[in-house]
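# Commentary on secondary and tertiary structure
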Amino acid sequence: MDKNNKVPKDLLVPMERKEDESEKISGPSRTFMQDARRTFFKNIVAMISVVLMLFIGIMSIFGPGMNEHGLDDQDLSRAKMPPYVSALKNIPWLGFDGTLKGKYRGADVEEATQNAYARYSNNDDFIDIKVLDEGDGTKDSAVVKAKYHVYEAKDMTDEYFWLGTDTLGRDQWTRLWLGTRVSLIIALVAAVIDLFIGVVYGGVSAYYGGRVDNVMQRILEILIGIPNLVVIVLMILILKPGITSIVLALTITGWTGMARIVRGEVLKLKEQEFILAARTLGTPDRRIIGKHLIPNISGIIIINTMFTIPSAIFFEAFLSFIGLGLVPPEASLGTLVNAGFENIRLYPYLLVFPAALISIIMIAFNLIGDGLRDAFDPKMHK
Amino acid sequence: MARYLLKRVIYMLITLFIIATISFFLMKMLPGSPLSAADKLSPEQREVVMDKYNLNDPVPVQYVRYLANLAQGDLGLSFAFDNTPVSKILMDRIGPSAQLGAQALIFGTILGILFGLIAAISHNGVLDYTSTIIAVLGTSIPSFVFAGLLQKFLAVEWDLFPVALWGSFSHTILPTIALMIFPLATAARFTRTEMIEVLGSDFIETARAKGISEYGIIFKHGLRNALIPLVTVMGPMAVSLMTGTLVIEQIFAVPGIGKQFVDSVMVNDPPTIMGTTLLFAFLFVAIILIIDLLYVIIDPRIRLSGGK
Amino acid sequence: MSKLLEVKDLRVSFNTYNGEVQAVRGVNFELNKGETLAIVGESGSGKSVTSKSLMQLLPAPQGFIKSGEILFEGQDITKLSNRAMQKIRGSEISMIFQDPMSSLNPTMKVGRQIMEGLIKHQGLSKTNAKNKSLELLKLVGIPNPEVRMTQYPHQFSGGMRQRVVIAIALACNPKVLIADEPTTALDVTIQAQILELMKGIQDETDSAIMFITHDLGVVANVADRVAVMYAGKIVEVGTTDDIFYNAKHPYTWGLLGSMPTLDDDEEELFAIPGSPPDMLNPPKGDAFAPRNEFALEIDKVMEPPMFKVSDTHYAATWLLHEDAPHIEPPEAVKRRMQGFSNTGSKDDKKK
């Protein structure tokens, strides 16, 4: 430790101080909500989901008006037309070239080709045949690939059904976005109702406590014991099918989860010092609820609602899928997926688009919910 | 413990009673005749049948009789399915559903725990992200979409499994996969979060300071503590399986309870609707009870004192 | 006295979202057989990080040893493989953690948690390990050890849990016992019991103890030597007497001055203003200067080296430079050191 030689001795004098720097706080201060917002906006996955959902929401409003086809313009002559988009028609693998494709088998090429022709109403002028396997004469040994130019065959080359038409000749694009609109409305309305009832019930139960809480909890326990699936199906059976009945059926037990969460949170908060302090100071109930309780439970309420929405979308689709949902010609994502299933083998495009869309919506909402959960978690704030 | 159990069983019975009552009166409110499945009857024949099923009695009388029969395990006769006793229909059909449900729950949970564990160990690594993506997709994509994809590719296109129906074990594979995605994803997600949290806790540091190997840390100290909370999500998982069976059995034409329920709704046959409803409700409350008891058993910290 | 553990220029950093946090910045000390070394400092001074790097228990992958050596019986353990380190942990060097409420596995019976290390390091059979565990529980003063063995941690009180933690740490007769604030989370009365227990155990087993604490009161009771840490460095080291009767570093003065005592009720506590520096960007020069009312101009530009006060006593402050202005400790601290020296803190009790 003998480095003292190089020490600048002139500096061995008491330090001059301008101001008291010892109490300086480094870093700006931020409120909890600012932190939460910042964390959420920094979450790329959640932000992409938000943008995606905004896009889907806008499309569900304006999508149906983007072409001249209506929700229920039935025309059997143009039923089951494949997707056809003028800008994409020269890229065959995308599937928007207005053709139906399939592989057909037979003992030899001739028989296989005939099978293909028979499938596509014998319009052999408009069918391209490509031989994949010459075959050896045994049953189904020859394979041909057939491509049927539907729009040419029907002489409708100037019509474009972007996502094709369904079995009744209705434009799938229009129906898809109208269906999305219906599904989103059902989900949002159900979520808002759940939120409202749940928060009020849970809040009142926890805030007043005592006997009120006791009675309300016993009721809740029994309600939670009833499987929502059963209630929903029974409700749908006796109500007239339609959007209102579905919303009613979804909300009749849907709010219990929210009520339970809100009650738990409020009970926890009630014990905390700042609430006790407010009470001691004689703050009126209304003010305690508005100023202290609601801001502190808003995070968990928002998160829970974000997860209610996809589950409502799922249940609506599920009901439509088992035939208890909307009645034709009304469309929702569920009815479209269901119709798609009936045609899965021959017209897969009827299933692909609604199935993909419902999956995207569910994923996006779940990711937004995850993002919000992280944003409201103080541990995640950086 | 005994008191807790008693309390829970009483709650269970109350719940079942309420469901039975609700479903009975809802059935009475059903639009149309309960015999809509037997439309071709002449008015006289109809009267005879109505008498036979005691449908001409006042509703309260029917209700009391219904409850009395229910208490003896008699669910009545089906109007639509060849007058078969509802209990027999349910007994015949519970097998496939139970098999699918059990397979999906067991494989789904085990695989999910495995995925979650791998993800937690490779925290923020490639395997972690893969497993997270699987979990998000699995919890988000509706089971029927998934079932459709499986059916289209694995059965129709590549011909690896039977497209539908019931029979050999290979018939159960696709519906099991479709059903197990949700438990798998839920378990994976949950195990991952819990495991990461547990591995960061103080007692893991104590164990490390004792010189325990990484293997011991993860399996002896970490996993058990991470899995205890998993029991709490088993309830929602089982419920989603029940919901799932309704669609999955429909898609794969599996002769189970779920398909029976949908079928009886379609033909509007009140006795079977009520029967399946009660069965679902019973399974639901029983599973929740079992899970709660399981939780008490595996977590030494929970002590049941008195009624709480 | 032989050196059991020698730490040379240890630097430990953490990679965080905001950059590299230099938690420990060149620490040197040694631990001799059978002695108790106390490491004292505020939270964030790097004392816990130092102890964790001795065990190689830094949270991976953020925390890492940047440079330096940790010689245990002459062998540099920073170079050991994970597997080799596992053999040392718990058998040669073991550790007692701060919070007994969370440092035991809640779902494993207490007996098994003690037996685990015995089976792993000493290859004992289950029965032998069980017998040894019973002895250990008796040694740490837990009544009814047979019953307690089969209970879970939540059935123990805080003090009892800390005794279990100590029993786990002692299981394999470690040569070094690191106690990271073992009494901080306990009630005052329990604290005294645990300290008594640790002293008793040391007399019996002759382990060296490294005692990490922020509480100088505890130090006076247990330590042979004291090292004071500030901002990732040791700023003063000496025997307990050196530190309590003859502290040289203004930070140590501050620590002594902020200790409430019974004798001098009329005087104010001598508090250290401000808070420790941000270790993301450690200040140039002397890290303590901004809070030091006796700081010199040189503190802004140059870090003080360790100045020798006596054979056992070193301190890192420019005030000890021969050309520095002579500064006396504040009156309050001076009186206090005088007071300690009159009552005699440790040696009287020990002998």
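So, here's what we can say about the structure. (Residues numbered from 1 in each chain as written. Chains lettered and ligands numbered in written order. Predicted model: local features only at pLDDT ≥ 70, side-chain atom pairs only at ≥ 80, totals over all residues.)

What follows deals with the pairing of strand β4 (residues 63-72) of chain C. All names here are of chain C. Sheet topology note: the strand β1 (residues 3-16)/β4 ladder contains eight bridges and is antiparallel. Note on β4: the bridge partner recorded for R11 is S67. Pairing between β4 and strand β5 (residues 75-76): two bridges, direction antiparallel. Along β5, the bridge assignment pairs F72 with Q75. Taking the residues between adjacent antiparallel strands as the criterion, β4 and β5 are bridged by two residues, where E73 takes a positive phi near 50°. (Pairing = 2+ DSSP bridges. Helix = DSSP H or I, 4+ residues; strand = E, 2+ residues; numbered from the N terminus.)

This part is about the pairing of strand β10 (residues 233-239) of chain C. Residue and element names in this part refer to chain C. Along β10, seven of the seven residues are buried, which leaves the element largely enclosed by surrounding structure. Both strand β9 (residues 225-230) and β10 contribute to a ladder of six bridges, which runs antiparallel. Within the sheet, the bridge partner assigned to Y230 lies in β10 and is K233. Between β9 and β10, which follow one another and run antiparallel, lie two residues, and A231 among them has a positive phi close to 50°. (Buried ≥ 20, exposed ≤ 12 C-beta atoms within 10 Å, placed from the backbone.)

Let us look at the interface of chain B and chain A. Counting residues at the interface gives 34 residues for chain B, matched by 31 residues for chain A. With eight residues, the single largest contributor to the side of chain B that touches chain A is helix α1 (residues 2-29) of chain B. Partitioned by chemical class, the residues of the side of chain B that touches chain A number 25 nonpolar, eight polar and one charged. (Contact = placed C-beta atoms within 7 Å. Nonpolar A, V, L, I, M, F, W, Y, C, P; charged D, E, K, R; others polar.)

Now for the packing of α1(B) against helix α12 (residues 270-298) of chain B. Helices that pack against each other are described as a pair by the angle of their axes relative to one another and the distance between those axes. Residue and element names in this part refer to chain B. One way to put it is that α1 packs onto α12 with a least axis distance of 10 Å and a crossing angle of 160°. Relative to α12, α1 is oriented roughly antiparallel. Two packed elements cross with a definite hand, and for α1 against α12 that hand is right-handed. Residues R8, M12, T15, L16, I19, A20, S23, F24 and M27 of α1 lie in contact with α12, whose contacting residues are P270, I273, M274, T277, L278, A281, F282, V285 and L289. Residues of the contact of α1 with α12, tallied by class, amount to 14 nonpolar, three polar and one charged. (Axes fitted to C-alpha atoms, helices over the stretch in contact; angles between N-to-C directions. Parallel < 35°, antiparallel > 145°, perpendicular 65-115°, else oblique. Left-handed = near helix turned anticlockwise from the far one by under 90°.)

Turning our attention to the interface of chain C and chain B. Each side of the interface is counted separately: chain C has 25 residues, and chain B has 18 residues. When contributions to the side of chain C that touches chain B are tallied by element, the ones reaching two or more residues are α2 (82-88), β6 (93-96), α3 (110-122) and α6 (158-170) of chain C. A per-element tally of the side of chain C that touches chain B places α3(C) first, with four residues. Residues belonging to the side of chain C that touches chain B are distributed by class as follows: nine nonpolar, eleven polar and five charged.

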